[in-house]
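Structural characterization, general
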Amino acid sequence: MSRANGAPEPAGTGDEAGTDAAFTALLEDSAEDLYESAPCGYLSTLMDGTIAKINATLLDWLGLEREAVVGRKRFADLLTIGGKLYHETHFAPLLRMQGELRGIALELKRQGGGRLPVLVSAVVKYGTGGDPLLIRVTVFDASDRRSYETELLHRRKEAERAHAEADEARRQAETDRARLADALAVLQRSLVPDSLPDVPGLETAVHYHTAAPDQLGGDFYDLFPVAGDRWAFFLGDVCGKGPEAASLTSLTRYTLRAAAHHDPEPAAALATLNAVLHERYTADGDPRYCTCIFGIVEPGGDHGPTVVRLASGGHPPALVLRSDGRAEFLPTPGGLLVGVLPGAPIGTAQTVLAAGDTIVLYTDGLTEARTGPGRDDLYGEDALRAFCADLAPAAPGEVITALTGLLDSFGDGLDDDTALLALGVPTDSSPVRPATGFPS
């Protein structure tokens, strides 16, 4: 008996024999269909492993055709390399000894290179005389189980590692911070001089602002004697931040010092630096560069005027504050970034400093400081010249003190390192004073 929709009535409500037959017809069309469409894989092999029969489920899992498997492959051929080794050393010997194996974890190869984790059970079928005839194998897809186990193991390892790392981090954090601060301080002091030397007939002053206390700056400067009564000085800015910039700064500073002693002409010194940087970095496919202004000053004293010769590679122009109250840039047009090209052009200029005149070098952290209510504007060279014109005439120490106050007024708009270096000829009435404003 059936309901109106054709489904069989539950057992006990009618003809039980008819109901059983309906269920049988619905669930099991045939034994062969049950074998082929089972939710697990089946195969039978001869005792040497040759596959004699395999169901459609397993063929679909592996992406294989029946004709390419039956009579042509052995069970071991379906396994990964590791599975084959295990089959030969453990699986097959144990199966021959015990007659059956259950729940063995293996991996089958899928067509196209994938892997299928499975659980395999096998039993040997014996003939009436006790001779082994064939091996029946059942294969269960263990992908979900493997994924679950792998995820559990991964999560456990992650938790253990995170716990260990957190404990170690807590133990080392304070020590690391102290060591880092000490190392940065030592490295930073090695990149710029601790103090400037006294120069007969000149006043000097310097200031260095580091934008990030936990990061090495990329600006540099120096002042040192060369042949005769001449003194070399330079100021610049390397590309980048951190250790790589520090390495470039160190190379730049000591290259310029060595070049100046070999040939104190400013353009020659920058040409040497350009060649060194280009060969060391750019030619190897890792271009690094700097801007730099290099000068030679010959204090005149009682024998004549103080002459300054400058060369610049892509650096902002020096600013001269005159004793008559003017402030003017000393242009060095045409200079290109140092280290970019093998023969980069270098801009040059010359000026004479009279008593009361001061020349100021600076890096672009000053002129590129962000100003305005929204911090959208750059301070710029015009504003710098106007600021210094209000100071002129002024001695180097006075200029650096005023510019330091200007840097402080930018607040969070000053987000780059800034170096300032001033050289000036004292007036007849003022004694020569030592350099001021050393980096802090």
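Residues numbered from 1 in each chain as written. Predicted model: local features only at pLDDT ≥ 70, side-chain atom pairs only at ≥ 80, totals over all residues. Heavy atoms only, no water.

Bringing the overall build of the chain into the picture now. Check the secondary structure of the chain and you find 10 helices and 17 strands. Within the chain, buried positions represent 42% of all 440 residues. Nonlocal contacts in the chain, meaning residues at least 24 apart in sequence, comprise 61% of its contacts between residues at least 6 apart. With an accessible surface of roughly 22,900 Å², the chain has 54% of that area assigned to carbon and sulfur atoms. (Helix = DSSP H or I, 4+ residues; strand = E, 2+ residues; numbered from the N terminus. Buried < 20%, exposed > 50% of the residue type's maximum accessible area, 1.4 Å probe, protein only. Contact = heavy atoms within 4.5 Å. Areas by Shrake-Rupley, 256 points an atom, 1.4 Å probe, with all protein chains shown as cover.)

The next subject is the environment of P39. Of note, P39 is situated in the loop between α2 (31–36) and β1 (41–46). Here P39 falls in the exposed class, since its relative accessible area comes to 77%. When neighbours within four sequence positions are excluded, P39 is seen to be in contact with T57 and W61.

Taken together, five strands build an open sheet; the order of strands is β7-β8-β9-β10-β13 and the sheet is antiparallel. Two strands close off the open sheet at either side, each with one partner strand: β7 (219–225) and β13 (347–353). Each adjacent strand pair in this sheet contributes to an overall mean axis angle of 15°, direction not counted. As paired elements, strand β8 (residues 231–238) and strand β9 (residues 290–298) share eight bridges and run antiparallel to each other. Across the sheet, residue F234 finds its bridge partner in β9, namely F294. Against the sheet, helix α6 (residues 242–262) engages β7, β8 and β9, with an angle of about 20° to β7. Helix α7 (residues 266–280) rests against β9, β10 (306–313) and β13 of the sheet, and its axis sits at about 150° to β9. (Pairing = 2+ DSSP bridges. Axes fitted to C-alpha atoms, helices over the stretch in contact; angles between N-to-C directions.)

Turning our attention to the pairing of strand β11 (residues 318–321). Going residue by residue along β11, you find A318 and V320 tucked away on one face and L319 and L321 tucked away on the opposite face as well. Where β11 folds back on strand β12 (residues 327–330), the antiparallel hairpin that results is connected by five residues, among which G325 adopts a positive phi of roughly 100°. Taken together, the three bridges between β11 and strand β14 (residues 358–362) define a ladder with antiparallel strand orientation. Residue pairing in the sheet places L321 in a bridge with T358 of β14.

This part takes up empty space enclosed by the protein. What the rule picks out here adds up to one cavity of 30 Å³ or more. Estimated volume of the largest cavity: approximately 30 Å³. In this structure, the largest cavity is lined by L270, N274, G313, L336, L337, V338, A344, P345 and I346. Here the lining of the largest cavity is composed, by residue class, of seven nonpolar, two polar and no charged. (1 Å grid on protein atoms, 1.4 Å probe; cavity = no way out; pocket = protein on both sides within 12 Å on 5 of 7 lines; lining within 4 Å. Points joined across faces, edges and corners; volume = space filled by probe spheres on them. Nonpolar A, V, L, I, M, F, W, Y, C, P; charged D, E, K, R; others polar.)

Among the secondary structure elements, T371 is positioned in strand β15 (residues 370–371). Judged by relative accessible area, T371 falls into the buried class, the value being 18%.

Okay, the pairing of β13 next. What you see with β13 is a clean split: G347, A349, T351 and L353 sit on the buried side and T348, Q350 and V352 on the side with no burial. Alignment of β10 against β13, held across seven bridges, turns out to be antiparallel. Note on β13: the bridge partner recorded for T306 is L353.

Let's shift gears to unusual backbone geometry. A negative phi angle characterises most non-glycine residues, just as the trans form characterises most peptide bonds. A cis amide bond, omega -5°, links A392 with the succeeding residue P393. Inspection of the secondary structure puts P393 in the loop between α9 (380–391) and α10 (396–409). Here the phi dihedral of R375 falls at roughly 55°; this positive angle occurs in a residue that is not glycine.

This part is about the sheet that holds β1. In space, the five strands of this open sheet follow the order β2-β1-β5-β4-β3, with antiparallel pairing throughout. The two strands at the open ends of the sheet, each matched to only one other strand, are β2 (51–54) and β3 (100–109). With direction set aside, neighbouring strand axes in the sheet form an average angle of 25°. In this sheet, strand β5 (residues 132–141) lies alongside β1 in antiparallel orientation, the contact comprising six bridges. Bridging from a neighbouring strand, L43 pairs with V137 of β5. In the packing of helix α4 (residues 81–98) onto the sheet, contacts are made with β3, β4 (115–126) and β5, and the angle to β3 comes to roughly 160°.

Relative orientation of the contacting elements α6 and α7 amounts to 140°, with a least axis distance of 9 Å. Comparing their axes, α7 and α6 come out oblique. Between α6 and α7 the crossing geometry is right-handed. Every residue of α7 that contacts α6 at L248, L251, T252, T255, L256 and A259 is listed here: A269, L270, T272, L273, V276, L277 and R280. Looking at the contact of α6 with α7 residue by residue, the class counts come to nine nonpolar, three polar and one charged. (Parallel < 35°, antiparallel > 145°, perpendicular 65-115°, else oblique. Left-handed = near helix turned anticlockwise from the far one by under 90°.)

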